[in-house]
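Descriptive analysis of the structure
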Amino acid sequence: MKKFVIILVIMLLGAAGIYLALRGKAKPADTASQTTVAKIEQGSIRQMVKATGRVVSNLDVDIKCKASGEVIELPFDVSDTVKKGELLVELDPVDQQRVLTKAEVSLSSSQAQLEIARKNLDIAQRTLTTDKQKAESDLQSVQVQAKDTLAKADRVRQLLEKKLSSQEEYDTAQTAAIQVDSALKNAQTKIEELKTQELAIELDRQNVILAQAQVDMDKVDLDVAKDRIRDIKVMAPMDGVVTARTVQTGQIISSGVSNVGGGTTILTLSDLSHIYVYASVDESYIGKVQVGQTANITADAFKEKEFEGKVVRIASRGANVSNVVTFEVKLEVLGEDRNLLKPEMTANIEIITAQKDNVLCAPVGAILRQKGKNIVNVPGADGSVETRPVEIGISDEIEKTEIISGLNEGDKVVVYKGDSQSRWNAGQQARPPAGGMMLGQPPRRSRL
C-alpha cells in the first residue's frame, strides 16, 4: 500500500513538472508575439487634443411680431437667403386700422374740448374785465354822489337847528343820504363779487389744462396706433438664412410685447457669415488648449473632407455632468468651404497643441516608465536587451513620441504592442498598450 502511494506521488510530481516545463516554453513565445523592433527615425509630430462638438452659426435671431393678428404674408421658407430690410411677415391690418381710427377720433374730440375750454376761459376773462370796469365806475359815481348828499344833509341839519329850514326838508335830505349810502354799499358788494368771478376763471383755466392733457394723451395713443400699423410688417434686421419657421399663412399669432408668454416665434434667422464649433474638452487636456491654436475639424456628412479651425474662446468655468468635468471651447471654422457645415451638425475636432518637424521619433509603445523616469529597451545583437533612460518631448499619444536625448537616429528599440496593432507598423489607429511587458518583466508603462 505504501509503495502504491509513493508511486502515485512520483507520477503526480512528474506530470506537474512536465506541465510547468511546457508552460514555461509557451509563455516567452506568447509574450514575444506582443513585441516588435522599430528604428529611431526623424519625422514630424503633432500633439493634439481630440474632442467632439456641435456646429453653430454666428448669430441666431428669433423673429417675433410686436402686433397680434392673422398672418397674411410669409414669403420665406427654411433655407431661404434673406437680405436686411426684406419683408419677413405681414399681419392682417384690419384690427390695427380700427384701433388707429379710434385713436384719431379720440384726438379730434379732445382737441374740440380743448378749444371749447379755451373759448370759455377767454369769454370769462373778457366778462370779468368789463364787469370790473363797470363796477369801479359805478363805485366812483356813487362815492361822489354820497359825498354830495351827506354834505347837503349836514347843511340842512345845521339850518334846521337855526330854525332856517323845515323838518320836511331835513327828512328829505336824510332819506337821500340813506339811499346813497345803500347805493354805495351795493357798489362795494359788486366789487367783492368780482373776486368770486376771478376764482371761477381760475377753474376755467384748469379746465383748459385738463383738456390739453387729454389731447396730449390722445396724441400718444395715436402714435402708438400708428406704430402698431407699422408693426404688422416685420423686416429682416440683418442678412441671414432662415433656419426655422414655426408658423404658416393664416395662423393667428400673439404679440411679443404685450403677451406675458413672450409671444409667438415666427421664424429663426441665422447669420452664417461665420461658422463656429462648440467643443467639450475634458479637464485633463484643457491646460494644453490656448486661444489661437489651429484645429482640424471633420463631420460625418463629409467623411473625406477636413476643415480648418482656430480656437477663439475657452470657457472660464467647466460643466460637471455625471462627475465628468468638461470645458467648452469655441472654434471658428475657416476656409471658403466652411458653409458646408450646417448648424447642429456633430463635429470631430483635433486641436493642434504642439507641432515639431525634423525631430527624432520613437513609437509610443517603446516608451516605458520606471521609478519615475522614461526608459526604452534597446535590443543587442546577441539577443540581450539594454535598458536606456531617455528624455522625451511631445507625443501624439497614438503613434510617435519625440526623443530629445538618450537615443540616436538609426537606433533600434523594442516596441510593446499590447492587445492592439501599432500604427507605427500597421498604419492603423491603435491605443498604446496598458499592461506589463516581457523581457525582464519591465514596469507598467503610463500614458504620455
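Look a little higher up for the structure.
In this report, the structure presented in the accompanying data block is examined. Keep in mind it's a predicted model, so treat the numbers as computed, not measured.

Topic: the overall build of the protein
Within the protein, the regular secondary structure consists of four helices and 20 strands. For the protein, the proportion of its 448 residues judged to be buried stands at 34%. Of all intrachain contacts in the protein linking residues separated by at least 6 positions in sequence, the fraction that spans at least 24 positions is 75%. Taken as a whole, the protein presents about 27400 Å² of accessible surface, with 51% of it coming from carbon and sulfur.

Comments concerning the environment of Ile297
Following the sequence through the fold, Ile297 ends up in strand β10 (residues 294–299). Taking relative accessible area as the criterion, Ile297 reaches 0% and is therefore assigned buried. Expressed as a C-alpha distance, the spacing of Ile297 and Leu331, which sit 34 residues apart in the sequence, is 9.5 Å. Not counting residues up to four positions away in its chain, the partners in contact with Ile297 are Val277, Lys305, Glu306, Phe307, Gly309, Val333, Ala347, Asn348 and Ile349.

Let's talk about the sheet that holds strand β16 (residues 373–379)
The three strands are arranged β15-β16-β17 in an open sheet whose pairing can be described as antiparallel. Each edge of the open sheet is held by one strand with a lone partner, namely β15 (368–370) and β17 (385–389). Pairs of neighbouring strands in the sheet enclose a mean axial angle of 45 degrees, with direction left out of account.

A word on the sheet that holds strand β6 (residues 233–235)
Here four strands make up an open sheet; going across it, the order is β6-β5-β3-β8 and the pairing antiparallel. Either end of the sheet is taken by a strand with one partner, and the two such strands are β6 and β8 (252–253). Strand direction decides the pairing type here: strand β5 (residues 87–91) and β6, joined by three bridges, are antiparallel. By the bridge assignment for β6, Glu90 is matched with Lys233.

Here's the deal with the pairing of strand β19 (residues 400–405)
By the bridge criterion, three bridges tie strand β14 (residues 346–363) to β19 in an arrangement that is antiparallel. In the sheet register, Cys361 faces β19, and the bridge partner there is Glu402. Inspection of the sheet shows strand β18 (residues 391–395) paired to β19 by three bridges, in the antiparallel sense. When the bridges of β19 are listed, Ile392 appears paired with Ile403. In this antiparallel pair of consecutive strands, β18 and β19, the connection spans four residues, and Glu397 shows a positive phi of 65 degrees.

Some words on the side chain of Asp218
Positionally, Asp218 belongs in helix α3 (residues 167–231). Leave out the neighbours within four places in its chain, and Asp218 touches Ser106, Leu107 and Ser110.

Quick notes on the side chain of Glu402
Among the structural elements, Glu402 can be located in strand β19. Since its relative accessible area comes to 7%, Glu402 is described here as buried. With sequence-adjacent residues up to four places away left out, Glu402 is seen in contact with Ile45, Lys356, Val359, Leu360, Glu391, Ile392, Gly393 and Ile394.

Here's the deal with the pattern of salt bridges
One pass over the structure, following the stated rule, counts 14 salt bridges. Between Asp122 and Arg126 there is a salt bridge whose closest N-O contact spans 3.0 Å. One end of the pair is Asp122 and the other is Arg126, both in helix α2 (residues 94–161) and four residues apart, which spans about a single turn. Judged by its relative accessible area of 57%, Arg126 is exposed. Lys288 is the partner of Glu397 in a salt bridge, and the nearest nitrogen-oxygen pair spans 3.7 Å. Note that Glu397 is positioned in the loop between β18 and β19 and Lys288 in the loop between β9 (265–282) and β10, a separation of 109 residues in sequence. On the basis of relative accessible area, Glu397 is assigned to the buried category, the value being 17%. Residue classification places Lys288 among the partly exposed residues on the basis of a relative accessible area of 31%. A single network of salt bridges, built from pairs that share partners, joins Glu386, Arg388 and Asp411.

So, the nonpolar core
Generally speaking, nonpolar side chains in soluble globular proteins are found buried as a group. Core analysis: the biggest nonpolar cluster contains 24 residues, and Val281, Val289, Val329, Leu331, Leu341, Ile349 and Ile351 have the highest contact counts within it. Among the elements of the structure, β2 (41–64), β9, β10, β11 (302–314), β13 (324–334) and β14 are those that each provide at least two residues to this core. Residue contributions to this core peak at five residues, all from β13. In this structure Val329 touches Val277, Tyr278, Ala279, Val281, Ile286, Val289, Val311, Arg313, Ile314 and Ile351, once residues within four positions along its chain are discounted. Phe76, Val82, Leu88 and Ala236 belong to the second-largest nonpolar core, a separate cluster that totals 20 residues.

Digging into the packing of aromatic side chains
Considering all chains together, one arrives at one aromatic pair under this definition. Taken together, a centroid distance of 6.1 Å and an interplanar angle of 75 degrees make the contact between Phe302 and Phe307 edge-to-face. Taking the relative accessible area as the measure of exposure, Phe302 reaches 23% and is therefore partly exposed. Across the ring face of Phe307, the terminal group of Lys305 is positioned such that the distance to the ring centre comes to 5.9 Å. Cation over ring: Lys330 sits above Tyr276, and NZ or CZ is 4.2 Å from the ring centre.

Quick notes on the rules
Residues numbered from 1 in each chain as written. Predicted model: local features only at pLDDT ≥ 70, side-chain atom pairs only at ≥ 80, totals over all residues. Heavy atoms only, no water. Helix = DSSP H or I, 4+ residues; strand = E, 2+ residues; numbered from the N terminus. Buried < 20%, exposed > 50% of the residue type's maximum accessible area, 1.4 Å probe, protein only. Contact = heavy atoms within 4.5 Å. Areas by Shrake-Rupley, 256 points an atom, 1.4 Å probe, with all protein chains shown as cover. Pairing = 2+ DSSP bridges. Axes fitted to C-alpha atoms, helices over the stretch in contact; angles between N-to-C directions. Salt bridge = Lys/Arg side-chain N within 4 Å of Asp/Glu carboxyl O. Core = buried A, V, L, I, M, F, W, Y, C linked by side-chain atoms within 4.5 Å. Phe/Tyr/Trp six-rings, centres within 6.5 Å; stacked < 30°, edge-to-face > 60°. Lys NZ or Arg CZ within 6 Å of the ring centre and 35° of its normal.

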